[in-house]
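# Analysis of the macromolecular model
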Amino acid sequence: MTIKLFYEDAYLKEAKAKIESLEIKGNRVKLNLDRTIFYPEGGGQPSDRGIIRGDRFEIRVEKVYGKDEIWHEGTLKGRKPKAGEEVELKLDWKWRYENMKQHTGQHILSAVLKDLYDSNTTGFQIFENYNKIEIDFDGKLTWEHILKAEIKANEIVRRDLPVEIEFYNELPEDLRNQLRKDLSDKVKPPIRIVRIPGVDVIPCGGTHVKSTGEVGFIKIMNFYKKSKNIWRIEFVCGNRALRYLDELLEDYWRSLDEMPNKNRPLVERVRELKSEIEKLEEEKKALRLELWEWKARALLSEAEEIGGIKIVGTVEELDMKDAQAFVVYLVDKNPNMIALVVGKNYVIFAKNRGVEGVSMRELLREVLKETSGGGGGSEVLAKGGGFKVGPEKVLEIAKEKLKQLLQV
Ligand SMILES: [Zn+2]
């Protein structure tokens with residue numbers, strides 16, 4: 001059983017401890033200590049990082065976990081530690097202190113959302129750059145709701161109220177009635193209660209700052225509906241809030257600066273660009289049709305005719321998707337036509353639906369026999385690729401095979 005020093009004092013940055021047991025694999029090591037200042041991941045708060053130092057060894061702690069026994073996992077430098085040895089613990093305080101601000105900020109925000117909208121917080125997670133809570137909320141959550149909550153939450157920050165930690169073996173009835181969230185049956189005594197007087201009372205095992213002023217600032221970044229009456233809210237506190245906002249604003253202004261018209265709001269500039277793209281797409285479509293018509297005319301003038309069937313063949317620079325669109329257009333417009341289109345690494349054979357007596361799939365099969373490669377398709381359209389000969393040669397073989405099939 002590891003004594004959790006962070007329960008009593010979240011501001012302990014250094015301490016001494018004894019190795020109870022350990023596992024070593026190469027330079028990866030896991031230590032179970034008799035006491036620790038390292039918070040194990042849990043309750044939405046990520047695990048602490050830091051250094052464990054002993055006589056001629058040092059461990060960079062990357063992950064901390066466990067409930068009764070707390071394990072500290074990381075990379076070992078120096079000699080192998082042994083059970084029973086004394087070590088010095090040192091937290092990555094910058095990381096922990098920011099997490100404490102985020103966690104306390106969550107208590108404040110959750111209490112405000114409960115107070116304003118009777119919303120319960122059903123989930124919480126601290127990430128590297130932001131935090132996420134899930135709340136129940138009937139109806140549509142709007143930026144207006146959010147602003148109201150932010151103003152109230154930041155008022156609590158500014159009032160610099162104490163964040164008090166109390167331990168109970170059994171909760172008095174009147175305290176039980178004050179809790180924002182019912183106590184889970186899984187919680188074993190001593191029960192740890194976190195109280196912000198007049199704001200929030202809740203059982204919690206995390207690490208918190210000692211007064212709300214230390215949270216600095218609470219900012220909601222985003223919110224969206226997750227499922228029926230469950231909403232996700234992304235928020236940040238403290239210095240992370242400033243960093244997040246700076247990144248967002250930098251992105252915003254740089255994006256606006258990229259626009260032909262640099263006046264706010266950005267959303268209107270984006271809509272302008274979108275409608276411009278749509279207009280260009282329409283123009284492109286019209287031009288493409290015109291091009292296809294000219295191309296079709298040129299191909300038709302060179303078409304060979306066998307038994308009333310017009311055969312056109314061409315080697316194309318187009319990519320396969322465009323070539324297929326063109327071939328379909330070509331054979332649909334022209335009764336009695338078979339088109340053979342060969343690109344750098346593909347062929348498309350297509351016929352007008354009215355053409356009888358020859359299958360494009362069969363034609364492709366015959367061509368593949370001489371060119372190798374693969375492919376398949378239907379009666380009216382077949383595609384293949386991976387040939388060992390060049391496009392001109394493939395086209396020549398295809399024409400030959402088609403003539404043979406038509407004359408059978
Ligand atoms: Zn907490």
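The paragraphs below set out a description of the structure included in this document.

What counts as what
Residues numbered from 1 in each chain as written. Predicted model: local features only at pLDDT ≥ 70, side-chain atom pairs only at ≥ 80, totals over all residues. Heavy atoms only, no water. Axes fitted to C-alpha atoms, helices over the stretch in contact; angles between N-to-C directions. Helix = DSSP H or I, 4+ residues; strand = E, 2+ residues; numbered from the N terminus. Parallel < 35°, antiparallel > 145°, perpendicular 65-115°, else oblique. Left-handed = near helix turned anticlockwise from the far one by under 90°. Contact = heavy atoms within 4.5 Å. Nonpolar A, V, L, I, M, F, W, Y, C, P; charged D, E, K, R; others polar. Donors = N, O, S within 2.8 Å, 3.2 Å for Na, K, Ca; no water. Buried < 20%, exposed > 50% of the residue type's maximum accessible area, 1.4 Å probe, protein only. Core = buried A, V, L, I, M, F, W, Y, C linked by side-chain atoms within 4.5 Å. Domains from an automatic or database assignment. Pairing = 2+ DSSP bridges. Phe/Tyr/Trp six-rings, centres within 6.5 Å; stacked < 30°, edge-to-face > 60°.

Moving on, we get to the packing of helix 2 (residues 93-117) against helix 3 (residues 143-158). It is at 9 Å that the axes of helix 2 and helix 3 come closest, and there the two elements cross at 125°. By the angle class used here, helix 2 and helix 3 are oblique. Once helix 2 is placed against helix 3, the crossing between them reads as right-handed. Counted together, Ile-108, Leu-109, Val-112, Leu-113, Asp-115, Leu-116 and Tyr-117 of helix 2 and His-145, Lys-148, Ala-149, Lys-152, Ala-153, Ile-156 and Val-157 of helix 3 form the full contact between these two elements. Of the residues contributing to the contact of helix 2 with helix 3, the split by class is 10 nonpolar, 1 polar and 3 charged.

The textbook angles at a metal center are 109.5 degrees for a tetrahedron of four donors and 90 or 180 degrees for an octahedron of six. Protein-derived coordination of the zinc ion comes from His-103 (NE2), His-107 (NE2), Cys-204 (SG) and His-208 (NE2), at a distance range of 2.0 to 2.1 Å. Along the chain, the residues donating to the zinc ion fall in the pattern H-x3-H-x96-C-x3-H. Of this pair, His-103 sits in helix 2 while Cys-204 sits in the loop between strand 13 (200-203) and strand 14 (218-227), and the two are 101 residues apart along the sequence. Given the relative accessible area of 15%, Cys-204 is considered buried.

Turning next to the nonpolar core. Grouped together as the largest cluster of nonpolar side chains are 55 residues, with contacts concentrated most on Ile-52, Ile-108 and Ile-233. The element best represented in this core is helix 2, accounting for 7 residues. Residues lining this core come from more than one domain, with at least three contributed by each of domain 1 (3-91) and domain 2 (97-256). Apart from residues no more than four positions distant in its own chain, Ile-233 is found in contact with Leu-113, Asn-131, Lys-132, Ile-133, Ile-135, Leu-141, Ile-146, Ile-220, Asn-222 and Phe-223. By size, the runner-up hydrophobic cluster in this structure holds 23 residues, among which are Ile-311, Phe-349, Val-355 and Leu-395.

We now examine the pairing of strand 12 (residues 191-196). Burial analysis of strand 12 places 6 of its 6 residues in the buried class, which makes it a mostly covered element. Side-chain alternation along strand 12 places Ile-191, Ile-193 and Arg-195 on one buried face and Arg-192, Val-194 and Ile-196 on a second face that is also buried. With 5 bridges connecting them, strand 11 (residues 164-168) and strand 12 associate as antiparallel partners. Following the sheet pairing, Glu-164 is matched in strand 12 by Arg-195. Alignment of strand 12 against strand 13, held across 4 bridges, turns out to be antiparallel. In the strand pairing of strand 13, Ile-196 is matched with Asp-200. Connecting strand 12 to the antiparallel partner strand 13 that follows it, the hairpin turn spans 3 residues, and Gly-198 within it adopts a positive phi of roughly 80°.

Each aromatic ring pair is specified by the distance between its two centres and by the angle formed by the two planes. Going through the model one piece at a time under the given rule, you end up with 14 aromatic pairs. Between Tyr-252 and Trp-253, the aromatic rings sit 4.9 Å apart at their centres with planes inclined by 85°, giving edge-to-face as the arrangement. On the basis of relative accessibility, which here comes to 22%, the residue Tyr-252 falls in the partly exposed class. Taking the relative accessible area as the measure of exposure, Trp-253 reaches 44% and is therefore partly exposed. Look at Phe-326 and Tyr-329: their rings are 6.5 Å apart centre to centre, the planes differ by 25°, and that puts the pair in the stacked class. Of this pair, Phe-326 and Tyr-329 both sit in helix 7 (residues 320-333), 3 residues apart, which is roughly one turn of that helix. Judged on exposure class, the residue Phe-326 and its partner Tyr-329 are both buried.

None of the figures reported here should be taken as evidence of function without further support.
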